[in-house]
Protein chains: 2
Amino acid sequence: MARPISHPKLQDVQLHEIMHALADPVRLEIVRLAARHPELPCNRFFDEIPKSTMSHHWRVLRQAGLIRQVGHGASRLNSLRTKELEERFPGLLAFVLRQRKTR
Amino acid sequence: MARPISHPKLQDVQLHEIMHALADPVRLEIVRLAARHPELPCNRFFDEIPKSTMSHHWRVLRQAGLIRQVGHGASRLNSLRTKELEERFPGLLAFVLRQRKTR
DNA sequence: TCGATTGTTCGATAATACTCGAACATTGGC
DNA sequence: GCCAATGTTCGAGTATTATCGAACAATCGA
């Protein structure tokens with residue numbers, strides 16, 4: 001059986017933890033792609049980055065409460081926790097997604 | 001004479017750098033206090049934190065473009081770069097200041 | 001000029017984070 | 001069962017960051 005994937009309650013997530021998760025260009029790009037591509041597998045669009053590195057970034061985002069991972073076959077489908085984030089950090093996603101990709 | 005204090009142009013600041021500067025509870029608190037107290041000296045309200053540590057945090061915020069420091073006597077007065085930030089990262093300050101102090 | 005105030009800089013230490021290869025685990029198809 | 005696909009975990013190496021005392025610099029008032 002697949003082990004359960006643990007996600008924090010957003011109520012327990014502090015703002016500085018969110019900021020830390022977003023303080024990396026790759027993770028910002030992941031968030032932007034996840035916004036455009038619901039149920040995004042972990043390695044799509046990131047062929048040049050080793051999968052262990054990607055796994056690390058996904059875990060940081062998950063532990064910060066930004067994304068939710070659901071096992072689906074051999075894959076994990078990643079989705080932004082849009083609604084929950086809006087309740088806990090209103091305006092956060094809108095702000096991040098409004099920004100252009102960092103040069 | 002006082003050496004000039006260097007501040008980045010906000011156009012050169014990238015989002016992940018802003019996020020990194022805000023990924024620390026002390027610095028978030030500094031920003032919130034700076035919003036309420038324009039021209040805030042570096043060590044006011046932070047008696048329990050060593051001044052060298054505070055100096056470090058102020059520098060991080062300054063280099064990320066979040067605050068501007070102006071020499072004033074033996075002090076440095078710190079102010080949020082509110083207007084410039086709103087142009088470069090619209091909604092950022094509003095978002096941060098909307099959040100409660102992290103528990 | 002002396003002393004108090006304010007803050008920076010330097011150096012050391014500890015902690016944390018990023019990257020990535022290798023090995024392992026899980027799943028689904030054949 | 002075997003294999004390919006997907007992703008995690010582990011460990012190591014590197015880099016960045018946080019913290020803080022001590023020494024230094026600048027300013028102002030007496």
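For the structure, see preceding data.
Keep in mind the model is a prediction, meaning the values are calculated, not measured.

Examining the overall build of chain A
Line of reasoning, step 1. Counting secondary structure elements, chain A contains five helices and two strands.
Line of reasoning, step 2. Listing the helices and strands of chain A from first to last along the sequence gives α-α-α-β-β-α-α.
Line of reasoning, step 3. Computed over the C-alpha atoms, the radius of gyration of chain A is 13 Å, within 12% of the 13 Å expected from 2.2 N^0.38 for a compact globule of 103 residues.
Line of reasoning, step 4. Seen through its C-alpha atoms, chain A measures out along the principal axes to roughly 35 × 35 × 20 Å.
Line of reasoning, step 5. The burial tally for chain A puts 27% of its 103 residues in the buried class.
Line of reasoning, step 6. A fraction of 61% describes how many contacts in chain A between residues 6 or more apart in sequence connect residues 24 or more apart.

Remarks on the protein's contact with DNA strand D
Line of reasoning, step 1. Neighbouring residues of DNA strand D: 23 residues in total, closest Pro41, Ser52 and Ser55 of chain A together with Ser52 and Gly73 of chain B.
Line of reasoning, step 2. For the surface near DNA strand D, the secondary structure elements donating two or more residues are helix 3 (51-63) and strand 2 (75-80) of chain A together with helix 3 (51-63) of chain B.
Line of reasoning, step 3. Per-class residue counts for the surface near DNA strand D are eleven nonpolar, nine polar and three charged.

Things to note about the interface of chain A and chain B
Line of reasoning, step 1. Every contact between the two is made by 18 residues of chain A and, on the other side, 18 residues of chain B.
Line of reasoning, step 2. Secondary structure elements with two or more residues in the side of chain A that touches chain B: helix 1 (15-21), helix 2 (25-36) and helix 5 (92-98) of chain A.
Line of reasoning, step 3. At four residues, helix 1 of chain A tops the list of elements feeding residues into the side of chain A that touches chain B.
Line of reasoning, step 4. Taken together, the residues of the side of chain A that touches chain B break down into nine nonpolar, six polar and three charged.

Overview of the relation of the copies chain A and chain B
Line of reasoning, step 1. Mapping chain A onto chain B calls for a rotation angle of 180° and an axial translation of 0.0 Å; the resulting RMSD is 0.0 Å. The two molecules are tied by a two-fold rotation axis, judged by turn and shift. Within chain A, Met19 of chain A has its C-alpha nearest the rotation axis, a separation of 2.5 Å.
Line of reasoning, step 2. Mapped onto chain B, 100% of the interface residues of chain A are again interface residues, and the two copies thus contact each other with one and the same surface.

Rules behind the numbers
Residues numbered from 1 in each chain as written. Chains lettered and ligands numbered in written order. Predicted model: local features only at pLDDT ≥ 70, side-chain atom pairs only at ≥ 80, totals over all residues. Helix = DSSP H or I, 4+ residues; strand = E, 2+ residues; numbered from the N terminus. Rg over C-alpha atoms; globule rule 2.2 N^0.38 Å. Buried ≥ 20, exposed ≤ 12 C-beta atoms within 10 Å, placed from the backbone. Contact = placed C-beta atoms within 7 Å. Near = placed C-beta within 6 Å. Nonpolar A, V, L, I, M, F, W, Y, C, P; charged D, E, K, R; others polar. Least-squares fit on C-alpha atoms with pLDDT ≥ 70 in both.

Fair warning: the whole summary comes from geometry, so function is off the table for now.
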